[in-house]
Amino acid sequence: MTANGWFQIGLYLLVIALVTKPMGVFMARVFNREKTFLDPIFRPIEKLVYRLTGIDEKREMRWTEYAIAMLLFSGVSMALLYVIERTQKWLPFNPQKFANVDPALAFGTAASFTTNTNWQAYSGESTMSYFTQMAGLAYHNFASAAVGIVLAIVVIRGIARKETDKLGNFWVDSTRCLLWVLLPICIVGSLVFVSQGVVQNLKPYTTVQLIEPQTVQVTGTDGKTSTQTVTQQVIAQGPVASQEVIKEFGTNGGGFFGANSAHPFENPTPFSNFFQLVLIFAIPSGLTYTLGRMTGSQRHGWAVWAAMAFLFLAGVTTAYWAEAKGNPLLAGTDQRASALQSGGNMEGKEVRFGIANSTLFATVTTDASCGAVNSMHDSYTPLGGMVPLINIMLGEVVFGGVGAGLYGIFVFVVLAVFIAGLMVGRTPEYLGKKIESYDVKMAMLAVLILTFTILIFSAVSVVKPYGTSSISNPGPHGLSQILYTYVSSTGNNGSAFGGLNANTMWYNTTTAVAQLLGRFFMIIPVLAIAGSLAKKKTVPESAGTFPVTGGLFSGLLVSTILIVGALTFFPALSLGPILEHLLMNAGKVF
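Everything numeric here is computed off the predicted structure, so don't read it as measured data.

S.K.: Could you give an account of the packing of helix 13 (residues 404-424) against helix 14 (residues 437-461), naming the residues involved and the relevant values?
M.R.: Two elements in contact, helix 13 and helix 14, have axes whose closest approach is 9 Å; the angle formed by their N-to-C orientations is 130 degrees. Taken together, helix 13 and helix 14 sit at an angle that is classed as oblique. Two packed elements cross with a definite hand, and for helix 13 against helix 14 that hand is left-handed. Listed contacts from helix 14 to Val411, Val414, Leu415 and Phe418 of helix 13 are Asp439, Val440, Ala443, Met444, Ala446 and Val447. Taken together, the residues of the contact of helix 13 with helix 14 sort by class into nine nonpolar, no polar and one charged.

What follows is the structure, encoded as structure tokens:
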């Protein structure tokens, strides 16, 4: 670990803290229908959209109507993406003449991008046409992000409103989110990425001559190995910059290239790397301020932000320490950072980013259900790789994805307030609303959905040959690969641990099911809680009311997240990364 590395981590958190208020205020104004500086541009477009689609912008919905509209929109969007993938051979903007996507892979990818997971069991540059990338995948990057954000706004309205069953209009909220929040930043951000060297074109791939021909071993269909000399290389390119910004800003994570943000065409410079990191946390962090502003308790919003920041720092510190310490199996090798070497465990990491920015990126992307990566988590040390795993297991509530982080931590807020009420022997209260048995049951249902989905699919995969045949490492590391697959899918993160062949019928199908369960079966209980809170009266604070605005609340919230989230998966972690760490330190490998 170096002073420079800590400075970059500290600078990043400072920038996120500075972005939080302006982003939060702007989103509050957008969804409260208050005047913004973008109204002259987007208000006429918004009116035109409503006129063409027949939407009554003044009509509000109950939580059940809101949920049905969201499910219908997501279902139709998913079907559309599946059709695009299955017919891309005959669609335009396919200069590489890519074939139609296999049915199982197309279904898995459609579910993945619809749920904001963006799990990719393929390499984009060798599978998806430009049309599929732009009209299919990039569209979902916008749409799924908008769905997540407006659902967080519904939760905030449920807390803020009283004695009503109206929570807004899904079509109005999502339209305003797309026009006011996502589109402007994406236009500007695309230009920023282009200025850094991220490619943006519609040209066919370029074939170039290698300066030094390479000799490679090739295994034929008959199983025989032959030696070939490679003299040419195909340079993949395409409309990358325009998709890169929404990939990060919408916490989607699906890369144009298989190497994702480790690819120099997606992430060429230290500044582009830092800019991507800021984009990932911008909306999730801003939503905590929106929460405080719309509920009239700004201190509560900052208390939630503080809990998230503490967990973020704990994660990045652990990952940075583990990777900077190096590999214990390389005893006697100089792994210290110096002017001549990065030091530590550099396997799977880009030299231009080093240990600090690699572990920072890994922590941020798994905190935020983004899934983008600039290093390969499979190559991390056991404890370093355990940090991204735990981040997702916690429910990705450490700032979290766009919207998903806020309504995810809202579940833990309900549980924390309930626990506090039990300790003082009073009916739990949250910002003037009584938390009753129905609310707690819905919160626990959301937690259990994630837990059961992850553990059941992982358990089947580690005992069946169609699951174990895809791993590249036996022993505890192979368990980590399988566990990460379903943790990432159910948590709607989408990052891959690496080393596991997920493009099989079993993994394409089960990860798609896990993604759909993790997205929609969590959203519905959360919306039910929001609808329940909106109907309640506000009760004045009393001497027995547990305050949700200070350090005590932040501490209780962190404790609840760790107890409910982390301890649930402790047995699985003990058999995976923890056991691997102990064996590695004992000099044993598989």
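S.K.: Requested: an account of the pairing of strand 2 (residues 225-235), with residues and values cited.
M.R.: Relative to strand 2, strand 1 (residues 206-219) runs antiparallel, the two sharing 10 bridges. Each residue of the ladder has a partner; that of Gln214, found in strand 2, is Val230. In textbook terms, the turn of a hairpin is the stretch between consecutive antiparallel strands, and for strand 1 and strand 2 this stretch comprises five residues, one of which, Gly223, has a positive phi near 90 degrees.

S.K.: Describe helix 17 (residues 505-535), naming the residues involved and giving the relevant values.
M.R.: The terminal C-alpha atoms of helix 17, which comprises 31 residues, lie 45 Å apart, in line with the 45 Å expected from a rise of 1.5 Å per residue. Among the 31 residues that make up helix 17, 22 are buried, leaving the element largely enclosed by the rest of the structure.

S.K.: Mind laying out helix 3 (residues 63-86), listing which residues take part and the relevant values?
M.R.: End to end, helix 3 covers 35 Å across 24 residues, agreeing with the expected 34 Å (1.5 Å per residue, within 8%). Restricting attention to buried positions, one finds in helix 3 the residues Trp63, Glu65, Tyr66, Ala67, Ala69, Met70, Ser74, Ser77, Met78, Leu81, Ile84 and Glu85. For helix 3, the secondary structure elements touched by its buried residues are helix 4 (103-114), helix 6 (130-160), helix 7 (170-196), helix 14 and helix 17.

S.K.: Before we move on, could you go through the pattern of salt bridges and cite the residues and values that matter?
M.R.: Under the defined criterion, the tally for this structure stands at 18 salt bridges. With a shortest N-O distance of 2.6 Å, Arg352 and Glu350 are connected by a salt bridge. In this structure Glu350 comes out as partly exposed when scored by relative accessible area, which is 28%. Each of Arg33, Arg43, Glu46, Glu57 and Arg176 takes part in salt bridges that share partners, so that together they form one network.

S.K.: For the environment of Gly148, give the residues involved together with the corresponding values.
M.R.: The residue Gly148 is located in helix 6 in this model. Exposure remark for Gly148: the relative accessible area of 0% places this residue in the buried category. A sequence separation of 185 residues divides Gly148 from Thr333, and the C-alpha atoms of the two residues are 47 Å apart. Excluding anything up to four places from it in sequence, Gly148 contacts Val402, Gly403, Ala404, Tyr407 and Arg519.

Calculation notes
The numbering scheme is per chain: residues are counted from 1 as the chain's sequence reads. Local features in this predicted model are restricted to residues of pLDDT 70 or higher, and side-chain atom pairs are both shown and tallied only at a pLDDT of 80 or more, whereas totals for entire chains, interfaces and linings draw on every residue. Computation of side-chain values covers all heavy atoms of the structure but excludes hydrogens and water. For helices, the fitted line uses only the C-alpha atoms of the stretch in contact; every axis is such a line through C-alpha atoms, and the angle between N-to-C directions lies from 0 to 180 degrees. Numbering of helices and strands runs from the N terminus; a helix is a DSSP stretch of H or I covering at least four residues, while a strand is a stretch of E covering at least two. What sets the label is the angle itself: under 35 degrees gives roughly parallel, over 145 gives roughly antiparallel, 65 to 115 gives roughly perpendicular, and the rest give oblique. What makes a crossing left-handed is the near helix being turned counterclockwise from the far one by less than a right angle; a clockwise turn instead makes it right-handed. Every residue pair with non-hydrogen atoms within 4.5 Å of one another is taken to be in contact. For this scheme, ten residues count as nonpolar: Ala, Val, Leu, Ile, Met, Phe, Trp, Tyr, Cys and Pro. Four count as charged, namely Asp, Glu, Lys and Arg, and the remainder, Gly too, count as polar. Each pair of strands is called paired provided DSSP finds at least two bridges between the two strands. Expected helix span is given by 1.5 Å per residue-to-residue step, counting one fewer step than there are residues. Note on classification: 1.4 Å probe, protein chains only; a residue is buried when its accessible area is under 20% of the maximum for its type, exposed when over 50%, partly exposed between these limits. We define a salt bridge as a contact between a side-chain nitrogen of Lys or Arg and a carboxyl oxygen of Asp or Glu at a distance within 4 Å.

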